[in-house]
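The primary structure of each chain is shown beneath.
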Amino acid sequence: MILSFSVSNFRSFCNEESLNLISSGRLATSHPDHEVPIPGSTQKVLRTAVLYGANGSGKSNLFKALRYVKEIALEARPKTRGTSRESFRLGTSGEDLSSFDLQFIAQSKLYRFGIKVDDNSVREEWLIRIEGSKELTLYERVTDDSGVVEVNVPITDPRGKLKALATVGGPLNQSFLATVHVTLEDPDLPDDLRNVLEWFESGLHLISPESSYAALGNRLATDEDFRRFAEEFLKASSTGVDRLSVIKRKLTEEELRSFIPESLYKRVLKDIAEDKDGIAVVRYGDDAELLIEQSETAQFFHISIKSVHANGDGKEVAFKLSDESDGTQRLLNLVPSLYYPRDSGAVYVIDEIDRSLHPIMVFDFLKFSLESCKGKPRQIIVTTHESNLLNQELLRRDEIWFAEKDSSSATRLYSLSDFKVRNDLEIRKHYLQGRFGAIPFLGNLNHLLEEERCSK
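Residues numbered from 1 in each chain as written. Predicted model: local features only at pLDDT ≥ 70, side-chain atom pairs only at ≥ 80, totals over all residues. Heavy atoms only, no water.

Asker: Honestly, the sheet that holds strand β5 (residues 48-53) in this entry has me stumped. Any pointers?
Answerer: Sheets are built from strands that pair by backbone hydrogen bonding, the pairs being arranged parallel or antiparallel. Taken in spatial order, the six strands make up an open sheet running β11-β17-β18-β5-β19-β20, and their pairing is mixed. Looking along the sheet, the strands with just one partner apiece sit at the ends: β11 (204-207) and β20 (411-415). Each adjacent strand pair in this sheet contributes to an overall mean axis angle of 15°, direction not counted. Where β11 lies against strand β17 (residues 347-350), four bridges are found, and the strand directions are parallel. (Pairing = 2+ DSSP bridges. Helix = DSSP H or I, 4+ residues; strand = E, 2+ residues; numbered from the N terminus. Axes fitted to C-alpha atoms, helices over the stretch in contact; angles between N-to-C directions.)

Asker: What is the right way to look at the packing of helix α1 (residues 59-74) against helix α3 (residues 176-183) in this model?
Answerer: How two helices pack is summed up by the angle between their axes together with the distance between the axes. With their axes 5 Å apart at the nearest point, α1 and α3 run at an angle of 50° to one another. Considering their axes alone, α1 and α3 lie oblique with respect to each other. The residues of α3 that touch α1, namely those facing I72, A73 and L74, are L177, A178, H181 and V182. Here the contact of α1 with α3 is composed, by residue class, of six nonpolar, one polar and no charged. (Parallel < 35°, antiparallel > 145°, perpendicular 65-115°, else oblique. Contact = heavy atoms within 4.5 Å. Nonpolar A, V, L, I, M, F, W, Y, C, P; charged D, E, K, R; others polar.)

Asker: Where do I start with helix α2 (residues 161-168) in this structure?
Answerer: Quick reminder: α-helices carry 3.6 residues per turn. Residues three or four places apart thus point the same way. When we look at burial in α2, the residues that qualify are L162, L165 and A166. For α2, the angular spread of the buried residues around the axis is 105°, confining them to a single face. Seen from the buried face of α2, the exposed residues on the opposite side, beyond 90 degrees, are T167 and V168. On its buried face, α2 sits against β10 (149-152), α3 and α4 (191-203). Positive phi shows up at G169, right after α2, with a value of about 90°. (Buried < 20%, exposed > 50% of the residue type's maximum accessible area, 1.4 Å probe, protein only. Arc of directions from axis to C-beta.)

Asker: How should I be thinking about the environment of I400 in this particular structure?
Answerer: Mapped onto the elements, I400 comes out in strand β19 (residues 400-405). Taking C-alpha positions, I400 is 8.9 Å from T48, a pair spaced 352 residues apart along the chain. Among residues more than four places away in sequence, those in contact with I400 are V50, Y52, L390, L395, S415 and L416.

Asker: Would you take a moment to explain the pairing of β19 for this structure?
Answerer: Walk down a regular strand and you will see the side chains alternate between the two sheet faces. Bridging between β5 and β19 involves four bridges; their strand directions are parallel. In the sheet register, V50 faces β19, and the bridge partner there is I400. One ladder, built from five bridges, connects β19 with β20; its direction is antiparallel. Among the inter-strand pairings, A403 is bridged to a residue of β20, identified as L413.

Asker: What's the story with the sheet that holds strand β2 (residues 17-20) in this structure? I'm lost.
Answerer: Read across the open sheet, the seven strands follow the order β2-β1-β6-β7-β8-β9-β10; overall the sheet is antiparallel. Edge positions in the sheet fall to β2 and β10, since each has one partner strand and no second. Direction aside, the axes of adjacent strands within the sheet are offset by 10° on average. Across six bridges, strand β1 (residues 2-8) lies against strand β6 (residues 98-106) in antiparallel orientation. Each residue of the ladder has a partner; that of I2, found in β6, is F104. Relative to the sheet, α3 contacts β7 (109-117), β8 (122-131), β9 (134-143) and β10, its axis offset from that of β9 by approximately 90°.

Asker: Would you mind going over the nonpolar core with me for this structure?
Answerer: Note on soluble globular proteins: their nonpolar side chains tend to be buried together. In terms of nonpolar packing, the biggest core is built from 64 residues, with F100, F113 and F200 touching the most fellow members. Excluding residues that lie within four positions of it along the chain, F100 makes contacts with F5, S6, V7, F10, A65, Y68, V69, F113, G114, I115, V117 and W126. One finds I207, L244, L332 and Y431 within the second-largest nonpolar core, a separate group that totals 46 residues. (Core = buried A, V, L, I, M, F, W, Y, C linked by side-chain atoms within 4.5 Å.)

Asker: In this structure, what is going on with the side chain of S307? I would like to understand it.
Answerer: The topology assignment puts S307 in strand β15 (residues 298-310). Look at S307 and you get buried, because its relative accessible area is 1%. At 2.5 Å, the side chain of S307 and the side chain of E324 are in polar contact. Beyond its immediate sequence surroundings of up to four residues, S307 is in contact with V241, R243, L244, V317, A318, F319, K320, L321 and E324. (Polar contact = N/O pair within 3.5 Å; in protein donor to acceptor, adjacent residues only side chain to side chain.)

Asker: For this particular structure, what's the right way to read the side chain of D192?
Answerer: With respect to the helices and strands, D192 occurs in helix α4. Its relative accessible area of 9% is what places D192 among the buried residues. Beyond its immediate stretch of four places on either side in the chain, D192 contacts K109, Y111, R129 and L138.

Read these as geometric descriptors, not functional statements.
Laid out in structure tokens, this is it:
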């Protein structure tokens, strides 16, 4: 679970702004089942956050900042690409470096990962385990002006592989954590680094408006409980889908090469070579995935997903997923974020949750999430324009956040809990009236109307 995320000098963020999900003690009696205890602390962290703002306010840039941190924490980077940061371009940020600081819970332990980058190199990086008021540094990395990388690893390293890697330092434009991830095998990792890497890899899920949930077909094919859950959810949502048909067919290497373009074939081989678990999934098109399982030899599978409807005579008719409405496809891609039995401790960050979904569906989706795993260490963070969620019977005030541009076009983040609000106040009405900011303000359009009339 994420406790806080701070970012500066990235896209529309100029000076440091923070999303803080530590619950407010003032609201302890409001939806207490929306909180989870923080290990080694008397404080609690919230299980959800909803971020509002006008178009162009920077909501999605917070999502992109998280995605950037996940990528730089895990992925090897070509030397010619630099750090690929996107700095604030509309003025000075107060510092030349782009900075990111993330506090999160993994395996019931509290960690803090931070990084500062310029265009070409990672200048500072740190990983800390927090125990109450104490901080244990797991490693620190600094790159000086001459390009020398120094990594200090004060923690116990039974196999000595981590400290040996620290003497090398790694590429200038690549985080030390990513260097560890792509270089060391799992048995060579100290427990804390293993916890952190597993959380970034499989505990932090980022779902954009355009993206599909990774490896959905393989999960539907191999996890019968999840498939039944997905089917029941689509039924209950009145999509018309009665069940999902998932076909997994083994391919020979010759079939695979004739089945997909050469460029995709090379990508498949690259993915399997880089995956430590010996499994790679490549999604292509709207309805199919390629699964490669590497043991002594590689095995190739084609997985296709069909949605099955009943016609007027009760007979089943199968459709491609691409034939379904955008809303049905969006729902299917969001279903994993609601399936809590196998995903304890997971964080789902969903950008524009209301994309292609009816307002009632968005409300029920979030309500289901909050009620299905009360008090469990599982978190959903969403950006949205859907004002029906501004309901104190659904959300606490400290779960509601706003993004707004200031006079220098830089994004500011603030919470509804910063305002004095009565428990019975109709939040939605006052938000739309502009009391809390973070809404669009249209200029005077009368002159455009006059020009339009004159041109006819």
